[in-house]
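Coordinate inspection notes
Spelled out from the first residue to the last, the chains are:
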Amino acid sequence: MTDSEPPRWNDRIEHRDIVVNEVPGFRPLTLDLAVPTGAATPAPVLVWIHGGAWLFGSPKQPADWLMEADPFTAAIRSGFAVASAQYRLSGEAHFPAQLDDVKAAVRWLRRHGDTVGVDRERIGVWGESAGGHLAALVALTGDDRDDSGVRAAVCWYAPSNLLTMQSQAHPSGTIDHDAADSPESLLIGAPLAENPELGRAASPITYVTDQAPTMLLIHGDQDLVVPVGQSEELAAALTTAGAEVELSVVQGADHCFAGVPLEPLIRDSLAFFTRVLAPEAGVLSPH
């Protein structure tokens, strides 16, 4: 962060390019944070993690389809701060670099959030597709002892078990998840079909315990990219373990919820975060 005054808008104060980690040989990893104005208490914060098959995307340039509904403004109007986390793509580094990077963002918020109006104890993670996968991993592997623990997670159409992606694939799907050039294989740095131990290590379902934070999984039943069975499998594992989980299967929705309105799903996600993270007096009502 610079010493200059952060930009202030009608509904938010923006803190840009906060350095959360410096990896030798790589650019500094940064976090952009928007904190709502007018909140009576330090704001709970949602860490947004972008998708893109671990190959594409940037927190600086959210996808057009997402910004048509603008979940970030909706979150701010509901009283949440929003932190957009940066992580290395699979062409830059293999797993677990991506998880390490998002955890670095969480650690910064846990350790320094009070300096920017954020409640360090009320942190949720929210991601779509590859970002949902990383959100699930942060939720399931985060540890309060190293300040990487979070209280809640919303995962939109996230890969949960890399080893069952192909067997669950939609009949009309075009991705061979076990292929050497699949997004999953590129993430782990080796052909998934020949390296199940690496796939298992990169799968959220591996880390399910009864200590998992409360999670909401939302998935379209017509997803041609990430099978809906991924969220069903993770929900079943969390339920069996005794953790709190909600599963919402959206009828007629493809990947990125194509085919259905996005706004109701944003409202559902924010309502979940409000229930889990926000006491009644601490969060504003959505406009």
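For the structure itself, look to the data block above.
Residues numbered from 1 in each chain as written. Predicted model: local features only at pLDDT ≥ 70, side-chain atom pairs only at ≥ 80, totals over all residues. Heavy atoms only, no water.

Attention now moves to the overall build of the protein chain. Each helix and strand in the protein chain was counted, giving 9 helices and 8 strands. Over its C-alpha trace the protein chain gives a radius of gyration of 18 Å, about what one expects of a compact globule, namely 19 Å for 287 residues. Projected onto its principal axes, the C-alpha coordinates of the protein chain cover approximately 50 × 45 × 35 Å. Per-residue burial for the protein chain yields a buried fraction of 53% across its 287 residues. A separation threshold of at least 6 residues defines the contact pool for the protein chain, and within that pool the share at least 24 residues apart is 74%. Within the protein chain, the 38 negative side-chain charges are centred at a point lying 8 Å from the centre of the 18 positive side-chain charges. (Helix = DSSP H or I, 4+ residues; strand = E, 2+ residues; numbered from the N terminus. Rg over C-alpha atoms; globule rule 2.2 N^0.38 Å. Buried < 20%, exposed > 50% of the residue type's maximum accessible area, 1.4 Å probe, protein only. Contact = heavy atoms within 4.5 Å. Lys, Arg positive; Asp, Glu negative; His and termini not counted. Charge placed at Lys NZ, Arg CZ, Asp CG, Glu CD.)

Take the packing of aromatic side chains next. Under the criterion given, the structure shown has 9 aromatic pairs. Note on tryptophan 48 and phenylalanine 72: the rings are 5.4 Å apart at their centroids and 80 degrees apart in plane angle, and the pair reads as edge-to-face. In this pair, tryptophan 48 sits in strand S3 (residues 43–49) while phenylalanine 72 sits in helix H2 (residues 71–77), placing the two residues 24 residues apart along the sequence. With a relative accessible area of 5%, tryptophan 48 lands in the buried category. Taking relative accessible area as the criterion, phenylalanine 72 reaches 11% and is therefore assigned buried. (Phe/Tyr/Trp six-rings, centres within 6.5 Å; stacked < 30°, edge-to-face > 60°.)

Right, let's get into helix H3 (residues 97–112). For H3, spanning 16 residues, the distance from its first C-alpha to its last is 22 Å, which sits close to the expected 22 Å at 1.5 Å a residue. Among the 16 residues that make up H3, 12 are buried, leaving the element largely enclosed by the rest of the structure. Inspection of H3 places Ala97, Gln98, Leu99, Asp101, Val102, Lys103, Ala104, Ala105, Val106, Trp108, Leu109 and Arg110 among the buried residues, and these make up the whole buried set. (Expected span 1.5 Å × (residues − 1).)

What follows covers the pairing of strand S7 (residues 214–220). Within S7, 7 of the 7 residues are buried, which leaves it mostly tucked inside the rest of the structure. Where burial is concerned, the two faces of S7 agree: the one with Thr214, Leu216, Ile218 and Gly220 and the one with Met215, Leu217 and His219 are both buried. Considered for its hand, the β-α-β crossover made up of S7, helix H8 (residues 229–241) and strand S8 (residues 245–250) is right-handed. (Right-handed = clockwise from strand over helix to strand, strands pointing away.)

Going from phenylalanine 95 to proline 96, the amide bond is cis rather than trans, its omega being 15 degrees. Among the secondary structure elements, proline 96 is positioned in the loop between strand S4 (81–85) and H3. In this structure, alanine 53 is a non-glycine residue whose phi angle is positive, near 60 degrees. In this fold, alanine 53 is placed in the loop between S3 and helix H1 (64–67). Judged by its relative accessible area of 25%, alanine 53 falls in the partly exposed class.

Along the chain, the position of serine 78 falls in the loop between H2 and S4. Residue classification places serine 78 among the buried positions, given a relative accessible area of 2%. For serine 78, the side chain forms a polar contact with the main-chain oxygen of alanine 74, separated by 3.0 Å. (Polar contact = N/O pair within 3.5 Å; in protein donor to acceptor, adjacent residues only side chain to side chain.)

Right, let's get into the pairing of S8. Relative to S8, S7 is paired through 6 bridges, and the arrangement is parallel. Paired with isoleucine 218 across the bridge in S8 is serine 248. (Pairing = 2+ DSSP bridges.)

Now for the nonpolar core. Ranked by size, the top nonpolar core spans 56 residues in total, and within it Leu31, Leu33, Leu109, Val125, Met215, Leu234 and Leu238 carry the most contacts. If we ignore the near neighbours within four places in the chain, the residues touching leucine 109 are Leu31, Leu33, Val45, Val47, Ala83, Arg120 and Ile123. One finds Leu66, Phe72, Ile76 and Trp156 within the second-largest nonpolar core, a separate group that totals 27 residues. (Core = buried A, V, L, I, M, F, W, Y, C linked by side-chain atoms within 4.5 Å.)

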